Amino acid sequence: MALKDLLPGKLGFGTAPLGNMFRDIPEAEARATVDAAWNDGIRFFDNAPFYGAGLAEIRMGEALAGRPRDEYVIATKVGRLILDEVEDVSARDNGEKGDVFKYGRPNKIVNDYSGDATLRSIEDSLKRLKTDRIEIVWVHDVAQDFYGDEWLGVFEGARKGAFKALDRLRDEGVIKAWGLGVNRVEPIELVMALDSARPDGFLLAGRYTLLDHDRALQRVMPEVTQQGLGIVVGGPYSSGALVGGPNFEYAPATPAILDKVARIKAIADRHGISMKAAGLQFSLANPAVAAVIPGASQPSRLAEDRAALNEQVPADFWRELRQAKLVHPEAPLPGGV
């Protein structure tokens, strides 16, 4: 099934903040955020064992337990097993993501992309999510931002293990779709060139945003479209930098990024539109994109996202961005600008 046919709407909910990303979120606030997403009409929830060492899955499972299961779609990820034993959270090596989940559970996280670990990971996620099925499974972070120069070896292990296991589960009808969930374009290029793997699409975080889209536009999007696959865009606000936050890609934003944000915001302010609208609508304008999943840790953010999606953005705004060279000259823009 094509990713666009599987996903219930263009706006999904990225649950990384439920794993206490960057801060210790009270249980009541986490629950209220999932409830707000549901009440807003969101029916696609993207999760991962990595988010707070199982915390995000546990919280989402609790919050959705009373909802009609046929009405929503769950995606989660494989590649990391969460053990019962605990570890020193500050000693974890999370690559470029550093200690973003230092407020999560202290359970030991083991990286394992083998076929057996993939099946075990799905079983564990089903328990934490309190559900009998998961529609979409992404192979998580098989990329250089986590594994540096070792990433190709990790990818090869996933090719022999996780990819084959997920192909089989999809063919057996246990899951409906699978792909990679990554922050880099190169693993997606690699997997699309394989004859042995048949993914349905990809979760690409931070690489097809208003602030950073050149490489994905040229190297991934055309092939995704040609193969009839789909992209879910994660991190459409570039870790918050686009909407005035201090971080870009999980780290403090550079002066160059802050300058670009300021230039885009000046044009947005002149046209009276929000930066969230600019970010979400830019990502969705590419025909390869099936949905966007901004993360939220407060109920009010959900209403902002929905409003941004529905906001009327004048064509002149996009034309000005193009003229100011703030978007790639070949990037599709809303309204065919």
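Figured I'd write up the structure that's included with this text. What you see is a predicted model, and the numbers here were worked out from it, not measured in a lab.

**Comments concerning helix α7 (residues 162-171)**
Buried residues dominate α7, accounting for seven of its ten residues. Lining the buried residues of α7 we find β3 (73-78), α4 (115-129), β6 (136-140), α6 (151-160), β7 (177-182) and α8 (186-192). Of the residues one or two after α7, glycine 173 is the one with positive phi, at around 85°.

**What about the packing of α4 against α7?**
Where α4 meets α7, the closest approach of the two axes is 7 Å, and the angle between their N-to-C directions is 55°. Between α4 and α7, the angle falls in the class oblique. Note on packing geometry: the crossing formed by α4 with α7 is right-handed. Judged by residue contacts, Gly115, Thr118, Leu119 and Ile122 of α4 engage Ala162, Ala165, Leu166, Arg168 and Leu169 from α7.

**So, helix α11 (residues 255-271)**
Compared with the 24 Å implied by 1.5 Å per residue over 17 residues, the 25 Å span of α11 between its first and last C-alpha is a close match. Of the residues making up α11, those classed as buried are Ile257, Val261, Ile264, Ile267 and Ala268. Projection of α11 onto a plane perpendicular to its axis shows the buried side chains occupying an angular sector of 130°, all on one side. Exposed residues on α11 whose side chains face more than 90 degrees from its buried face are Pro255 and Arg270. Where the residues of α11 are buried, they touch β10 (247-248), α12 (275-284) and α14 (315-323). One or two steps after α11, the chain reaches glycine 272, where phi turns positive at roughly 70°.

**What to know about the environment of asparagine 47**
Note on placement: asparagine 47 falls in the loop between β2 (44-46) and α3 (55-64). Taking C-alpha positions, asparagine 47 is 10.0 Å from proline 17, a pair spaced 30 residues apart along the chain. Residues within four places of asparagine 47 in sequence aside, it is in contact with Thr15, Ala56, Glu57, Met60, Ala75, Thr76, Lys77 and Leu129. Only 3.2 Å separates the side chain of asparagine 47 from the side chain of threonine 15, close enough to count as a polar contact.

**Considering the environment of arginine 23**
Mapping arginine 23 onto the fold places it in the loop between β1 (13-14) and α2 (27-39). Residue classification places arginine 23 among the partly exposed residues on the basis of a relative accessible area of 30%. Through-space distance from the C-alpha of arginine 23 to that of lysine 130 is 25 Å; in sequence the pair is 107 residues apart. Beyond its immediate sequence surroundings of up to four residues, arginine 23 is in contact with Glu29, Tyr103, Ser297 and Gln298. At 2.6 Å, the side chain of arginine 23 forms a polar contact with the side chain of glutamate 29.

**Regarding the packing of α6 against α7**
With their axes 3 Å apart at the nearest point, α6 and α7 run at an angle of 30° to one another. Taken as axis vectors, α6 and α7 run roughly parallel relative to one another. Residues Phe155, Gly157, Ala158, Arg159 and Lys160 of α6 form the contact with α7, whose participating residues are Ala162, Phe163 and Lys164. Taken together, the residues of the contact of α6 with α7 break down into four nonpolar, one polar and three charged.

Quick notes on the rules
- Residues numbered from 1 in each chain as written.
- Predicted model: local features only at pLDDT ≥ 70, side-chain atom pairs only at ≥ 80, totals over all residues.
- Heavy atoms only, no water.
- Buried < 20%, exposed > 50% of the residue type's maximum accessible area, 1.4 Å probe, protein only.
- Helix = DSSP H or I, 4+ residues; strand = E, 2+ residues; numbered from the N terminus.
- Contact = heavy atoms within 4.5 Å.
- Axes fitted to C-alpha atoms, helices over the stretch in contact; angles between N-to-C directions.
- Parallel < 35°, antiparallel > 145°, perpendicular 65-115°, else oblique.
- Left-handed = near helix turned anticlockwise from the far one by under 90°.
- Expected span 1.5 Å × (residues − 1).
- Arc of directions from axis to C-beta.
- Polar contact = N/O pair within 3.5 Å; in protein donor to acceptor, adjacent residues only side chain to side chain.
- Nonpolar A, V, L, I, M, F, W, Y, C, P; charged D, E, K, R; others polar.

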